[in-house]
Amino acid sequence: MNENIAFLELKYGNIYGGYPNFYAISEIALLVFERGSNKIFLESWINQANVDIVDVYAETDELGHTTRRVREVLNMRSNRRFRYEEDFRLEEEELQYAFRNLRSTKMAVRNFLLKNLRKYRFDDLIVFDGRRDIFLCERSGVDFSYVNIIDIQKDLNRETDYLFSLNKLAKVIDFHTDRSYLRSNNLEYWLHPIAARQIVPGTAAFDAARLLMVFNEYTEVHDDFMIKAAILLNKIQKRKDEEKALKEANPEPEPAPSEEKKKPKAKKKAAKEEE
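Below you will find a few notes about this structure. (Residues numbered from 1 in each chain as written. Predicted model: local features only at pLDDT ≥ 70, side-chain atom pairs only at ≥ 80, totals over all residues. Heavy atoms only, no water.)

Counted according to the given criterion, the structure contains 12 salt bridges. Of the charged contacts in the structure, one is a salt bridge between arginine 81 and aspartate 55, with a shortest N-O distance of 2.8 Å. Taken as a pair, arginine 81 in strand β6 (residues 81–83) and aspartate 55 in strand β4 (residues 52–60) lie far apart in primary sequence, 26 residues in all. Judged by relative accessible area, which is 43%, arginine 81 ranks as partly exposed. (Salt bridge = Lys/Arg side-chain N within 4 Å of Asp/Glu carboxyl O. Helix = DSSP H or I, 4+ residues; strand = E, 2+ residues; numbered from the N terminus. Buried < 20%, exposed > 50% of the residue type's maximum accessible area, 1.4 Å probe, protein only.)

This is the structure:
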């Protein structure tokens, strides 16, 4: 008998120039995987409000390790990106205008999720570091009380005592995709063209697809998954040790004293010679 399991991913950000603790949802992806048939269903919602939000994303190296965090400004209607300026603040009137533009978002999020919760029957909902994702959905009026929510990041943290990012885990399982398939070390799933078109790097749908493959590798080929996770962590630690050793072997030179600091000493020496 086929059984559905769902994966939820959100993209969200602060209103640019607004309150740091108020988040606006920009994207939602709900991916449903039918165990038994291995069918994948993907539902996406994109916020079209004319509001600028702060989009934060990680730049990573070939090991999935974060090298820096980038902040950009994203206009959700046009999808255009702008330079982020930390000191920028909206006037109160402009901020209220942004809130008015976001009012319809709450109902749209609620309708999107409730429609798909009814459409796809599932007991387990998988998230990744999903506390805020669930909170934002519940704030829009979605009730998850009858769904078993599993946060795989927390499960992994308990087992490994390491807080993995989804970027690192994608490297652990060797995640990749094309227009027809999702693939990892041990798994391969065919994609319907409608779903495949939505899976674009940097989107909530792409993260949902990565989350599916990570979860299934973790649960179906657990021992192999853990071995490859340990190998990746060893590589990351080795690189850190090498960088530390290189830094210790080549310490940064101390800054030379400025001319202003040199002059008083010269005067003091001259005074002693006069004496």
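Additional details are given in the paragraphs that follow.
Its 28 residues give helix α1 (residues 92–119) an end-to-end C-alpha distance of 41 Å, which sits within 8% of 40 Å, the value for a rise of 1.5 Å per residue. The principal kink in α1, of about 30°, is found at asparagine 101. Those residues of α1 not exposed but buried are Leu95, Ala98, Phe99, Leu102, Thr105, Val109, Phe112, Leu113, Leu114, Asn116 and Leu117. Buried residues belonging to α1 abut β1 (3–14), β2 (23–35), β3 (39–46) and α2 (131–139). (Expected span 1.5 Å × (residues − 1). Bend = angle between axes of the 7 residues up to and from the residue. Contact = heavy atoms within 4.5 Å.)

One open sheet holds the 3 strands; their spatial order is β9-β10-β11, and the pairing between them is antiparallel. Two strands in the sheet have a free side with no partner beyond their single neighbour: β9 (176–177) and β11 (188–190). Both β9 and strand β10 (residues 181–183) contribute to a ladder of 2 bridges, which runs antiparallel. In the strand pairing of β10, threonine 177 is matched with leucine 182. (Pairing = 2+ DSSP bridges.)

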